[in-house]
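An overview of the molecular structure
So you can see what is in the structure, the chains are spelled out below.
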Amino acid sequence: MTYRATLDGELYRFADLRQVLARASPQRSGDELAGVAAADPVERIAARHALADVPLAAFLEDLPVPYETDEVTRLIVDTHDAAAFAPVAHMTVGQFRDWLLSHPADAEAIAALSPGLTPEMVAAVSKLMRNQDLIAAARKIRVRTAFRNTQGLPGRLGTRLQPNHPTDDPRGIAASLLDGLLLGVGDAVIGINPATDNIANGIVLLDMLEAVRTRYAIPTQSCVLTHVTNSIAMIERGAPVDLVFQSIAGTEAANTGFGVSLALLAEARDAALSLNRGTVGQDVMYFETGQGAALSANAHHGMDQQTAEVRAYAVARAFSPFLVNTVVGFIGPEYLYDGKQIIRAGLEDHFCGKLMGLPMGCDVCYTNHAEADQDDMDNLMMLLTVAGVNFLIAVPGGDDVMLSYQSLSYHDMLTLRSSFGVRAAPEFEAWLEGMELLDTRGRLRLNAPQALGRIIAPEG
Amino acid sequence: MTKSPPDSAHDPLIDPSTETDPWAPLRGLTRARVGQPRAGDTVAGGEVLAFQLAHARARRAVMAPLRQEALRLDGAVLSVRSQAADRATFIRRPDLGRRLSADSAACLTRGSYDVAFVIADGLSALAAERQAPPLLAACHALLPGWRIAPVVVAHNARVALGDDIAHRLGAGCVVMMIGERPGLSVSDSLSLYMTWDPRPGRLDSERNCISNIHDQGGLSTGAAAAKLAGLLAGARRIGRSGIMLKDETPATLDGLASP
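Residues numbered from 1 in each chain as written. Chains lettered and ligands numbered in written order. Predicted model: local features only at pLDDT ≥ 70, side-chain atom pairs only at ≥ 80, totals over all residues. Heavy atoms only, no water.

We count it as follows: UniProt positions are given in the numbering used here, feature names are shortened, and annotations may be inferred rather than shown by experiment.
Chain B is annotated in an unreviewed UniProt entry as Ethanolamine ammonia-lyase small subunit from Gluconacetobacter azotocaptans. Turning to chain B, the UniProt annotation filed under Catalytic activity (unreviewed entry) states: "ethanolamine = acetaldehyde + NH4(+)". Of chain B, the UniProt comment under Subunit (unreviewed entry) reads exactly: "The basic unit is a heterodimer which dimerizes to form tetramers. The heterotetramers trimerize; 6 large subunits form a core ring with 6 small subunits projecting outwards."

Chain A is annotated in an unreviewed UniProt entry as Ethanolamine ammonia-lyase large subunit of Gluconacetobacter azotocaptans. Turning to chain A, the UniProt annotation filed under Sequence similarities (unreviewed entry) states: "Belongs to the EutB family." Here chain A is described in UniProt, under the heading Pathway (unreviewed entry), as follows: "Amine and polyamine degradation; ethanolamine degradation."

Written as C-alpha cells, this is what we have:
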C-alpha cells in the first residue's frame, strides 16, 4: 500500500509506513546518514500530512521489519493487547495526537491504553507533536516502580549517581560516590560504568557499593553496568547484584550486535529475581537505549532512528524494568548533530517511553564533537523535569572522566529541586534527613560536607 | 544565595583554601570534579569558567586540522585524504571518512610489506601530532625484520580508512594511530587499531585496539609499542586479528563511541 499527500497541487507518494515515518521525522543527522530523511523541508511536512491520515490500525498490518525474521517484531505483534487498543482503534494518527492532548486523556486513560499501543504507533504520533506537546502529554503519565525505594511518584525526581573512574580505582570511585551522596544524589541507582568489563572486576565494584550501602543503611540500589552475561555469572558467584543492566535496541540484529536476545534477557531477570533483594518492590532490570544504536550496528532495516528507538522500548517493557534511560547525546553528532537535535530527541524518547509504559529517565549529555554545550543540557534537564521525567543521571561537575563525555552534575539536581519543587524518592529523602544533610526547608545544607568526617571515619 | 545554617559561618566549601577543606585529600584520588565550591545550589563561578575552558580546548582539538609539518617525520611520507572534504563533513559523515578520495587512492602504489603504519587525525589531530611520532619510533625499534611500508599521514580519517590504504600498498597488516574523541581532562589521547590482512569491509570485531595513549596518566608510547609488538607477534602466529586474539591486559573498547 502506498501513502500520499497533495500540497499545493503537488502529489507526494510514500512507498510504505516505514518511509512515511522516516520522511516525517524532524531533521537529524542520523537519518541523513542512513539516507532515509526527507529530501527537503516541504517533503517532510507532506509526509506528516500523509501520516496524520494513517489509521492507527494500519500499524498492525504494515510492519517495518518482517515478523518472520525479527523477534522484536514478533514480540510486538504477539503481545499486542487488542482490548486495550479498542478505545483508539478507530482513530488516525492525527486524531490520536489530539486525543492525547485532550482533557479526557488523563493518567488512568493513558495507562490503560498503553498495552494496546505498538512502538510504531507511538513513534508516529510523536512526529506530529511539537516539543510542548511531548512535554504536556508525558507530564500526564506516571510510571511507578519499586526496589529499595519507590521511583516515579508525583513531584519526585530520581537521580542516578554515576561515580565512574578511568581505571576503576576503588578510592577514586569512593571519592565521587561520597561527593554525590553528600549532595543528596543517588536514589534511582548508584551505577558504575566499569572501565574493565570483566566478571572479577565487576564483583569487586559490587562488593564496594554493597559495603557503603549497608554501612550507612542507604535506601537505594546499586548496579555495575556490565553485559547481562557478566551479571548472570556474578549472581552465580554470589555477588550482591541489585539491578541487572543491559543496553538494548529495537531490532533483533541490533540486539545480536549487543550480544543479547529476548531469551537471554529473561534468563538475566530470573537470575536477579532469585536473589529477592528488593525491599519495597522487585523491579530488577535497568535498560539503556539511544537513537542511532540500530544504525550504528547497521541493523536499522531502513527505519528512521526514532522509530527504531521506540521499538527498543517494546523490548524493555517485556521485562518490567525498574529504570530505563535514553543516552540521548552520547552516541554522537553523526546521529544527533547539535543541541537542537539532542533536545528534541530527549523529549521524544521520554514521551514515547512513558506512553509505552516505561519508567523513563534520561542521560542528558553530549560529546565533545557535537555542536552542543552545557547550556543545551540546562535546557533539556529543565524541560524533562517539567515533563515529569522519572530520573536523570549525574556525575561530579558534569564531567565523566571515564567515558569522556559531559552529563549533568550533582549540583544540577539541586538546581532542579529548588527551581521546580521536585524531591528525591520518599525513602531516600528520609535518609537524607536522618543524615542531617537537609536544612529545615529541605534544601541541601551548605555545610553538608562537614558530615564527611562522620561518614569516612574509619570503622570501629 | 542560600542562607547558611549557623554552624557553617566558616564554610570550607565557600573557602576551599581553608585548612579544614575535607576534600583536599580526596581530590588526589580522581580527576573527577569532586568537592566543588558551591554558590547556593550550583557551583561557584570559578568552576563554571574552568569547565568552559576545558570544553573550549576539547572543541579546538576536534576542529583542528592535522599539520603534517608538526609530525617532523624522516624518510618517505605519503599523504592521503578521505572523501570528507572538511572537518564539519567529517564529523557528520563517518562513512565518507572511511573512504579514500580518488586522488589519494591513485597515489598509493602496490608494494610488498608486512605492516603499514598510518597516522590519522580521527577526532583529535592534536593527539596524532603529539603521540604518533614517538610511538612510531618506538614501534620501529621493536619490529626488527618486519618490512615496514612508508608512513602514511591520513586527513579526515576514520579507523576503517586504514583498510583501503594498506590493501592498496600491499601490506599484510595495518596499524592506525588515530586521535580519540577529546574529553574535558585529556584532549590529546591516541588509540592504535591493528588489523591483520586489511581490506575494505573488515569488521571492527576483526581489529585489536590499544587506547588511552597520552602522557597525563594514560598509557605511555613505550608501553603501547610493547603491547602492539605482542599483538603483532600473536596475529602473525594465528594469521588473524580481532576478538580471537587476546591482549594479556585487554584494552577497554567503547563500542558506541569509537572514532
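Details of a nonpolar patch on the surface
What counts is decided by this rule: Patch membership requires over 30% relative accessible area and the absence of a salt bridge. Like charges are linked within 9 Å, and nonpolar side chains (Val, Leu, Ile, Met, Phe, Trp, Tyr) within 5 Å. Surface exposure here means Shrake-Rupley accessible area, sampled with a 1.4 Å probe, where a residue is shielded only by the protein chains that are shown. Any carboxyl oxygen of Asp or Glu within 4 Å of a side-chain nitrogen of Lys or Arg constitutes a salt bridge here. By definition, any uninterrupted DSSP run of H or I lasting at least four residues is a helix, any uninterrupted run of E lasting at least two residues is a strand, and each is numbered from the N terminus.
A cluster of nonpolar side chains, contributed by Ile238, Ile243 and Met244 of chain B, occupies part of the molecular surface with about 320 Å² of accessible area. When you line up the elements, Met244 of chain B lands in the segment after helix H9 (221-238).

Quick notes on the sheet that holds strand S5 (residues 151-155) of chain B
All names here are of chain B. Note the following rule: At least two DSSP bridges between two strands are needed for those strands to be called paired. Each axis is a line fitted through C-alpha atoms, taken for helices only over the stretch in contact, and angles between the N-to-C directions span 0 to 180 degrees.
Strand order in the open sheet formed by six strands is S3-S5-S4-S6-S7-S8, with mixed pairing between adjacent strands. This sheet does not close on itself; its edge strands, each paired only once, are strand S3 (77-81) and strand S8 (207-213). Adjacent strand axes in the sheet meet at a mean angle of 20 degrees when their direction is disregarded.

Quick look at the UniProt feature "binding site: adenosylcob(III)alamin" (unreviewed entry) in chain A
All names here are of chain A. The condition that has to hold: Summary of the burial criterion: residues with accessible area below 20% of their type's maximum are buried, those above 50% are exposed, and those between are partly exposed, where the area comes from a 1.4 Å probe applied to protein chains only. Throughout, a residue-residue contact means that at least one pair of heavy atoms, one from each residue, lies within 4.5 Å.
Here, the residues flagged by UniProt with the feature "binding site: adenosylcob(III)alamin" (unreviewed entry) are Pro194, Gln246, Ser296 and Met402. A relative accessible area of 39% means that Ser296 is categorised as partly exposed. Turning to its location among the elements, Met402 is positioned in the loop between strand S13 (399-400) and strand S14 (405-406). With a relative accessible area of 16%, Met402 lands in the buried category. The contact partners of Met402, leaving out residues within four places of it in the chain, are Asn164, His165, Pro166, Asn193, Pro194 and Ala195.

So, the UniProt feature "binding site: adenosylcob(III)alamin" (unreviewed entry) in chain B
Residue and element names in this part refer to chain B. Taking the numbering used here, the UniProt-annotated feature "binding site: adenosylcob(III)alamin" (unreviewed entry) corresponds to Val159, Glu180 and Cys209. For this annotated set, covering 51 residues, all C-alpha atoms fall within 11.7 Å of each other, a compact arrangement in space. Structurally, Val159 can be placed in the loop between S5 and helix H8 (161-169). Along the chain, the position of Cys209 falls in strand S8.

Things to note about the UniProt feature "binding site: substrate" (unreviewed entry) in chain A
Residues and elements named next belong to chain A. Here is the rule: The term polar contact refers here to a pair of N or O atoms within 3.5 Å; inside protein, the definition further demands a hydrogen-donor-capable atom paired with an acceptor-capable atom, and it admits residues adjacent in sequence only when both atoms are side-chain atoms.
According to UniProt, the feature "binding site: substrate" (unreviewed entry) maps to Arg160, Leu161, Gln162, Asn193, Glu288 and Asp363 in the numbering used here. By the element assignment, Arg160 lies in strand S5 (residues 158-161). Residue classification places Arg160 among the buried positions, given a relative accessible area of 0%. In terms of polar contacts, Arg160 uses its side chain to reach the side chain of Tyr286, at 2.9 Å. If you trace the backbone, Leu161 turns up in strand S5. With near-sequence residues (within four places) excluded, Leu161 lies in contact with Ser176, Leu177, Gly180, Leu181, Val185, Gly186, Val189, Ile190, Gly191, Ala394 and Tyr410.

Overview of the side chain of His155 of chain B
Its location among the elements puts His155 of chain B in strand S5. Ignoring any residue separated from it by four or fewer positions in sequence, one finds His155 of chain B in contact with Leu66, Gln68, Ser79, Val80, Arg81, Ser82 and Asp121 of chain B.

Thoughts on the interface of chain A and chain B
Put simply, the test is: Accessible surface is computed with a 1.4 Å probe, and the buried area is the amount of it that two parts give up when combined, taken over both parts together.
Of the residues lining the interface, 53 residues belong to chain A; the matching set on chain B comes to 46 residues. For the chain A and chain B pair, buried surface summed over both sides reaches about 4400 Å², with 58% attributable to carbon and sulfur atoms. It is Asn368, His369 and Leu446 of chain A that lose the most area in chain A upon contact with chain B, and together they represent 18% of the buried surface on that side. Scanning the region where chain A abuts chain B turns up three salt bridges. Between Arg33 of chain B and Asp399 of chain A there is a salt bridge, and its shortest N-O distance comes to 2.8 Å.

A look at helix H8 (residues 119-127) of chain A
At 3.6 residues per turn, the α-helix brings residues three or four places apart onto the same side. Counted residue by residue, H8 of chain A has nine buried out of nine residues, so it is predominantly covered. Within the sequence span of H8 of chain A, burial applies to Pro119, Glu120, Met121, Val122, Ala123, Ala124, Val125, Ser126 and Lys127 of chain A.

Thoughts on the nonpolar core
The criterion, for reference: Here, the term nonpolar core denotes a set of buried Ala, Val, Leu, Ile, Met, Phe, Trp, Tyr and Cys residues that are joined through side-chain atoms within 4.5 Å.
Among the nonpolar cores identified, the biggest contains 151 residues, and Phe96, Tyr286, Phe351, Leu355 and Leu392 of chain A are the most heavily contacted of them. Counting residues per element, this core draws most heavily on helix H17 (residues 339-355) of chain A, at seven residues. Discounting chain neighbours no more than four positions away, the residues touching Tyr286 of chain A are Arg160, Val189, Cys223, Leu225, Leu243, Val244, Phe245, Gln246, Leu323, Asn325, Phe391 and Ile393 of chain A. Grouped together as the second largest cluster of nonpolar side chains are 33 residues, Leu66, Leu143, Leu192 and Ile210 of chain B included.

Comments concerning the packing of aromatic side chains
Residues and elements named next belong to chain A. This is how the line gets drawn: When two rings of Phe, Tyr or Trp (its six-membered ring) have centres within 6.5 Å they constitute a pair, described as stacked for plane angles under 30 degrees, edge-to-face for angles over 60, and tilted for the intermediate range.
Applying the stated criterion across every chain yields a total of eight aromatic pairs over all chains. Measuring from centroid to centroid gives 4.9 Å for Phe330 and Tyr405, while their planes differ by 80 degrees, and the two rings are edge-to-face. Residue Phe330 is found in the loop between strand S10 (323-326) and H17, and its partner Tyr405 is found in strand S14; the two are separated by 75 residues along the sequence. Looking at Phe330, the relative accessible area reads 8%, which means it is buried. The buried category is assigned to Tyr405, whose relative accessible area is 1%. On the basis of an interplanar angle of 40 degrees and a centroid distance of 5.5 Å, the ring pair of Phe428 and Trp431 is categorised as tilted.

A closer look at the state of the cysteines
Applicable threshold: By convention in this document, the label disulfide applies to cysteine sulfur atom pairs within 2.5 Å.
Going through the model one piece at a time under the given rule, you end up with zero disulfides over all chains. Distance from the sulfur of Cys352 of chain A, which forms no disulfide, to the nearest cysteine sulfur (Cys362 of chain A) is 13 Å. The structure places no disulfide on Cys173 of chain B, whose sulfur is separated from the nearest cysteine sulfur, that of Cys139 of chain B, by 11 Å.

A short note on the pattern of salt bridges
All told, the structure shown has 34 salt bridges over all chains when counted by the stated rule. Across the pair Arg311 of chain A and Asp70 of chain A runs a salt bridge, and its minimum N-O distance is 3.1 Å. Here Arg311 of chain A is found in helix H16 (residues 305-317), whereas its partner Asp70 of chain A is found in the loop between helix H3 (41-52) and helix H4 (71-78), with 241 residues between them in sequence. Of the residues examined, Asp70 of chain A reaches a relative accessible area of 1% and is grouped as buried. A salt bridge links Arg202 of chain B to Glu206 of chain B, with the nearest nitrogen and oxygen atoms 3.0 Å apart.

Some points on the pairing of strand S9 (residues 285-289) of chain A
Residue and element names in this part refer to chain A. Among the five residues that make up S9, five are buried, leaving the element largely enclosed by the rest of the structure. Burial along S9 is two-sided: Met285, Phe287 and Thr289 facing one way and Tyr286 and Glu288 facing the other are all buried. Two strands pair when backbone bridges link them, and strand S8 (residues 244-247) and S9 are joined in this way by four bridges, in the parallel orientation. Bridge pairing links Gln246 to Phe287 in S9. Across four bridges, the pairing between S9 and S10 is parallel. When the sheet's bridge partners are listed, Glu288 is paired in S10 with Asn325.

Some words on the confidence of the model for chain B
A low pLDDT score tells you not to read the predicted coordinates there in detail. Residues and elements named next belong to chain B. Note the cut-off: Predictor confidence is given residue by residue as pLDDT, running from a minimum of 0 to a maximum of 100.
Put simply, chain B has an average pLDDT of 87, and 87% of its residues get 70 or more. Between residues 1-18, whose pLDDT stays under 50, and residues either more than four places distant or in other chains, the model counts 36 contacts. Low pLDDT, under 50, characterises residues 248-259; the stretch is placed with 22 contacts to residues that sit more than four places away or in other chains.

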